[in-house]
Every structure is written in C-alpha cells, then in structure tokens.
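# Geometric and topological summary
For reference, the chains in residue letters:
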Amino acid sequence: MAKKKLVIVESPAKARTINRYLGRDYTVKASVGHIRDLPKSSFGVDLENNFEPKYVTLRDKKKVIDELKAAAKNADEVYLASDPDREGEAIAWHISHILHKVKPLSIKRVLFNEITKKAITSALKKPIDIDQKKVDAQQARRILDRIVGYQISPLLWEKISRNLSAGRVQSVALRLVCERESEIDAFVTEEYWSIAARFHKEEMDFEAKLARIKGKKAQIGDEKTAKAVVAALKKGDFQVESVEKKQRRKRPLPPFTTSKLQQDASRKLRFSAKKTMMVAQSLYEGVNLGEYGQTGLITYMRTDSTRVSQDAVDMARDFIQETFGKEYLPEKPRAYATKKQSQDAHEAIRPTTSFHPESIRDHLTGDQYRMYKLIFDKFIASQMADALIDATAVDIVNGQHTLRATGSIVAFPGHLALYQATEDDKKKEDDLLPPLETGETLKLQEITPNQHFTQPPPRYTEATLVKTLEEKGIGRPSTYASILSTIEDRKYVEKEDRKFTPTERGKVVNELLVSYFPELFEYGFTANMENQLDQVEEGSENWKDILGRFYHGFQAELDKAKKALKHVDKISIKAGVACPRCEADLVIKAGRNGEFLACSRYPDCDFTSNFKKGEDGEIIIVERPADEPTNIDCDKCGKPMVIKMSRRGPFLACSGYPECKNPKSFRKREDGTIEIVEKKPAEPTDIKCEKCGAIMVIRVSRRGEFLACSAFPKCRNTKNMERDEDGKAVIKEKKKPAPKKKS
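Taking an unreviewed UniProt entry as the reference, the protein is identified by name as DNA topoisomerase 1 belonging to Desulfurispira natronophila. In its Catalytic activity (unreviewed entry) section, the UniProt record describing the protein reads: "ATP-independent breakage of single-stranded DNA, followed by passage and rejoining." Taken verbatim from the UniProt record of the protein, the Subunit (unreviewed entry) comment is "Monomer."

The share of residues in the protein with pLDDT of 70 or more is 94%, and the mean pLDDT across the chain is 90. Within the protein, the element-level pLDDT minimum falls on strand E22 (residues 585–591), averaging 81, and the maximum on helix H11 (residues 366–381), averaging 97. Low confidence marks residues 424–429, where pLDDT is under 50. Its contacts with residues over four positions away, or in another chain, come to six contacts.

Overall, the coordinates contain zero disulfides when judged by the stated rule. Looking at cysteine 654, it has no disulfide partner, and the nearest cysteine sulfur is the one in cysteine 637, 3.4 Å off.

For the rest of this paragraph, the subject is the UniProt feature "domain: Toprim" (unreviewed entry) in the protein. The feature "domain: Toprim" (unreviewed entry), as given by UniProt, occupies residues 4–115 in the numbering adopted here. Helix makes up 33% of residues 4–115 and strand 25%, whereas the separation of the span's terminal C-alpha atoms amounts to 21 Å.

Turning our eyes to something else, we now look at the packing of aromatic side chains. Evaluation of the coordinates by the stated rule reveals 16 aromatic pairs. Ring plane angle 75 degrees and centroid distance 5.8 Å describe the contact between phenylalanine 51 and tyrosine 551, whose orientation is recorded as edge-to-face. Of this pair, phenylalanine 51 sits in the loop between strand E4 (45–46) and strand E5 (52–53) while tyrosine 551 sits in helix H16 (residues 543–565); the two residues are 500 residues apart in sequence, bridging distant segments of the chain. Residue classification places tyrosine 551 among the buried residues on the basis of a relative accessible area of 9%. Ring-pair connections join several aromatic residues into one group, and the members of that group are Phe51, Phe525, Phe550, Tyr551 and Phe554. It is arginine 180 that lies over the ring of tyrosine 460; its NZ or CZ is 4.3 Å from the centre.

Before going further, it helps to spend a moment on the nonpolar core. The biggest cluster of nonpolar side chains holds 136 residues, and the ones touching the most others in it are Phe112 and Ile152. It is helix H5 (residues 132–159) that contributes the most residues to this core, ten residues altogether. Core analysis: the second largest hydrophobic core is formed by 22 residues, Ala197, Ala226, Phe238 and Leu433 among them.

Moving on to the sheet that holds strand E28 (residues 649–654). The strand order E26-E27-E28 describes an open sheet built from three strands, whose pairing is antiparallel. The open sheet has two edge strands, strand E26 (628–633) and E28, and neither has a second partner. Pairwise comparison of adjacent strand axes, ignoring direction, gives a mean angle of 40 degrees for this sheet. Alignment of strand E27 (residues 640–646) against E28, held across six bridges, turns out to be antiparallel. When the sheet's bridge partners are listed, valine 642 is paired in E28 with alanine 653.

The rules we used
Residues numbered from 1 in each chain as written. Predicted model: local features only at pLDDT ≥ 70, side-chain atom pairs only at ≥ 80, totals over all residues. Heavy atoms only, no water. UniProt positions renumbered as here; feature names shortened; annotations may be inferred. pLDDT = per-residue confidence, 0-100. Helix = DSSP H or I, 4+ residues; strand = E, 2+ residues; numbered from the N terminus. Contact = heavy atoms within 4.5 Å. Disulfide = S-S within 2.5 Å. Phe/Tyr/Trp six-rings, centres within 6.5 Å; stacked < 30°, edge-to-face > 60°. Buried < 20%, exposed > 50% of the residue type's maximum accessible area, 1.4 Å probe, protein only. Lys NZ or Arg CZ within 6 Å of the ring centre and 35° of its normal. Core = buried A, V, L, I, M, F, W, Y, C linked by side-chain atoms within 4.5 Å. Pairing = 2+ DSSP bridges. Axes fitted to C-alpha atoms, helices over the stretch in contact; angles between N-to-C directions.

Pasting the structure below:
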C-alpha cells in the first residue's frame, strides 16, 4: 500500500477544508494549536544558561501527539502548515522536534495566506524550511513575558493580594485605561453657549450658527452674555456676505488590517476584539458551502499590511463593473502604502472568492455573515471610484457678528454606495441649502441660545483602545485581542456601556507597577521592545542578546523595587463600606470566581460577602441566601445536610458546622432530588514514594496536578509534577534561584 503525504495544520476545521482540496494522496491532521510550551507550574527558563527555555508537552495533547507520530510513520513526507505568523512558525518548530525521531529528513514547512486550492497546491510544490528567525522572535516574546510575569507577580501577591499577575504588555494597556480615568476624575466642567439662527427661503428652512464676533472665534461663557448677543442680533439685519461652493473628492480607505477590522467590527457589529478574531478565524479556516464544499472565505486575519494580490484586484474590478457599472471603476487599480513598521508578510484581510455575501448567507451563521459582509464590502469599496461631494459654505453677517451655514450633497456616491467607514459615522452630511446670493438679506425665523458644558475625554472602547495601542506601537496584530481580554479576565477593568473602566483592583495594581517599575511599563519602552522583536524576525538582531540587555536593566529595576517595597505595608483595596459584624473597614479581595468583600480584621473577623456596584459606583453588600434544607444526612455525625452558597457556587454542608466539617459536591437530578458527586479517583503512576515505598498517585487541586503518596493519611508525602513529552508524570525539579546581579 502506497504511503500518503501528511499535512499538519492547527485546527480541525482548517484540516477539513484542506483535505477537500488535496484528495486521497494526502492525510491532513490538526495539532489543535500548540503541543509544547513553557511549564505552567515553574519558571521554565534557565537564566544561568543564556535564557535556555525548558519546554514541556501540554498535558491535554498526549493523544494528539500519539496520532501525529502514528500518521508520520505511515507517510513519505510531512508538511507543517500551521498559520503564517510567529506563533504558527513556533508551532511548526515544536511539532518538528516531536516528530524528528520519526521523520528526521522529510519534514518541510509550507505557507499560504489563504485556504484555496490554488494557494495550497502552489505552497506544496514549493516547500521551505522552518524560519528560525521567526521562531526566535516568538521565543523571545514568550520568555520576556515569562520573566516579567514570574518575577513581578509575587510582589503583587505580597503587597496586594493573591491571584494577581503582571503582564509586560497587558499592564501597559491597563495603564492607558487608568490614566484616562484619572483625566476624567480631574476634569473640571466649564459652561459655554452656542447661538443658532433659523432662516427660510423658497420653502426651505436652514440653520446658521454664530461663528465669529469681531472677526474672532465666538466664545460665550454664560447665559447673560448669550442673551445680550441674541438681543443685538435681533436688532440688526442678516446679510449674505459670501457663498463658497466646492466639489471635493473622497477617496476610499484601504482594505482591512487586523486592528482596523477590530475597530470597525466593534463599532458596526458590536463585536469584542476576541469575538472578531474567533469569527474571522472560522471564515479563514473554511465553511461548508453545500455544493461548493468546505471553503476558506477570507485571507489570513492577522496582518498589518494593506497589500493585495493582482488576482484579488482583478476579481474586485470585475465585480465592480458587473455590479455597479463602468463609472464606479477607477482608470487604474488602487494601491495603498503600507506603514513603515508593518511586517508586510501577508496580504490585507480580503475575500478569497467572488461569492457575494447574500449568495452564501444560508450557509453562514449570523455572526459569520455579518463579518464576511464587512470584509467583502470594505475590500470591494477599496477598489472603487472616489465619491464626489458638492459642499457649500455661506457666511451671514449682522453687525459685528458672523454666522455660518454649511450644506453638502453627494453628487456621485462612488465607493460610498457600498461601504461607509466608521471614521465617518459621526460626520453625517449637513442639510441642503437653498440658492443664496452674496448681498441678499435674509429673513430671520427664530434665534435660539443653547447651553452646553465641556465634556471630559471619553473612556476607551475596544475600538479606541486598539487604535491607541497601534498608534503607540504597543503589541502587534496577533496580540491586540488577547491584551484586551486579559485585562478584563483578570478583573483589572470592566466594561460599562461597552467602555472600559478600571476596577479598584486594577487601579491599585497599576499604581504599584507604575510607581516601582517606571521604565518597564512606559509606553516608549514597550514599543521599542516590539521593534526589537521585529528586528529578530528580520535577522538583524540576536534574540538572546535582546533578552540579555532587557534582563540586565530589568534586574536592576526589580532589585530597586524590592528594596523600596520592603518598607511598604500591605496595600488594601478599600471598599468604603463598614463590616456589619465589627464595623471595621471592608476590603475588596480577589478569588477564583471574582472579587468579594472581606473584613480587614481577618482572622479576628471572618466576615465575607459578594457585592455589587450602585449607579454612582458605590459598593453594596449582597446578602447571602438562606441555607436550603435537604433530605440527606451527614455521613459523619448524622445531622441533616443543607445547601450553602459560597463564592464558588452551591455546595452541601453539615448543619452541625462548625463542630462537624463535612462539605460535599452535589448535583440535582431532573426530579429535584439531591445526588452527592464523589471526587475523581486518583490516577496511579509507576513512581514509588521515597518515604514509605508505596506508589505515588496523581491528584488534582485548585493549583493543578500533583503527586501524593497512595498511603495517605499514614504517609503525607507530596511532590510537584509535570508531564514529559509522552504525557507521563515525572517529578518536577526544584526551581533554581535567579542569579545575583554582578557588580
């Protein structure tokens, strides 16, 4: 039986799409993302050995790895086809290490920007080697983040609360949100007035607003002044001083980059950055289109380039001519300049086929349809003709006062016939104006003074925060979504009306990080580090040299911070509410299931409670529900068990607590009766206990897996553990202390 060629991709959906294009001679398997990474339970970086990483196979990937090894043994050639970015290159590199013993000489890398038959068959004809420079850039980023997280997070635990963590880039995003909140808090509202006059001519009402007084910009600060201006205007005549007519061209914007897609999807579709990337990923990997089969509908969705292929341009121009007509087609195809810092490794985000969104709507979910339509319309519009706008501006004088009326009309819609950019959503075209001539006198219908107040800067939305991160050079297309979701998942920020507000926890964490690590979490420093990672990918920088320079400065800042923090008492996040038991201050603490209130006098007072925030942000204690009786008796003392509510959810407890402590997990059957859920049995290993000789078993705690002696409680020996490349449990070596800074 002839051997097949093996293609390994990241996701099962992508595998199904590619398998359809390649046929029987190929086997397509999915790694389901990363198969190796730095260990979760230890540092995993040897600082004494030039930052050598210690990778371990991920706990849940043993079955996947076994399947990949078996498939590789039965294949003549292996093609690694993970995503065409740093993360995808690292995944391919890790897979090649695992499969090297199986196929040492026949493992090749293939790259494609779109999942189409043409792109895939072309890539397979021109396999390449794994790009080590791209792998090194990913390793450098991963190790940088590990160094920062593992060495700063313990300071947060010591000085604020457990379960907190610092991120090299996420903490900078948090700083943006906190600083904007500080600007809002410090903002002093000022009163100002505007004056609008309404005129009528040829059965048309139009409005003009006071623009200048004595040739200077009109600035009216109080009601008294506004009324005086209105009185003066009523006494005089309104005369047209000038009429200016212009036709302006409005060019279309480029097709989507990742950040622009996230911004427009947030504003137009109300998608979070994370949801945007998930839906786009599903379109990229392929959707079943019935008679057309599994089809990849868009190009790779992590890109900062606006470049598109000639085939795509030709497709767009054919579509425009057939759908809109020749007048909507510019003479020459449009090309868009890519930003200097752009990697330009991939095309812009565009459709891979000419399928109109409506023609395949029945095969897409609602979210997929809206996302595909957004991408399709933006790409087609980017190759359409300019819109022509006829704009008119009229100055009307009355004594020392000048009013201005503006109006415009779309003379030719061009690209606006298909796509209205989010940047223009708030810039609606002004009303039409009647024919007006210089020198003519206008009849006033009504004049109105309007009171206003200056507004503080707006809070960040996902769209504006992504835009700011991009402008400041913080993060890259592949990281924006994870940055935003991380600060939200850690409860450092919360969204209210789709706007980010820092939590009390977020404010305290940010204040400590910025105060004691001023350089590390500075915008320019973070952006410069991103540029250095780009240089590693380009081959002009060595990744370990970058880590060495970073660590030298970081270690000095860390030592300085540790010394300063020795004299700082534990920082409490005060709730501004008194404990109902002892009247001491309640503080906000972080648990696995979110924030909760606790008495500051703990352990003398063990009061805890959930809480909610009122309209003005004040903390409100949420009363716990009363214990719910059951018909189950305690197996220790015989008293009835009751259902109690904790921060983690409901559980069974003995009504004799605290004399009898016997908590149990449970579930309710369909008939409403209670069933006790027994704990998962321990998994045996071939490791013997060094103290008593019994076998060690794998148990699971809140912190993950660990080894425990099977003779418990007679022998209480436990060990930290990890799994090797084959998924077997091994005792984890103790973490080596970080080397001391050389003088």
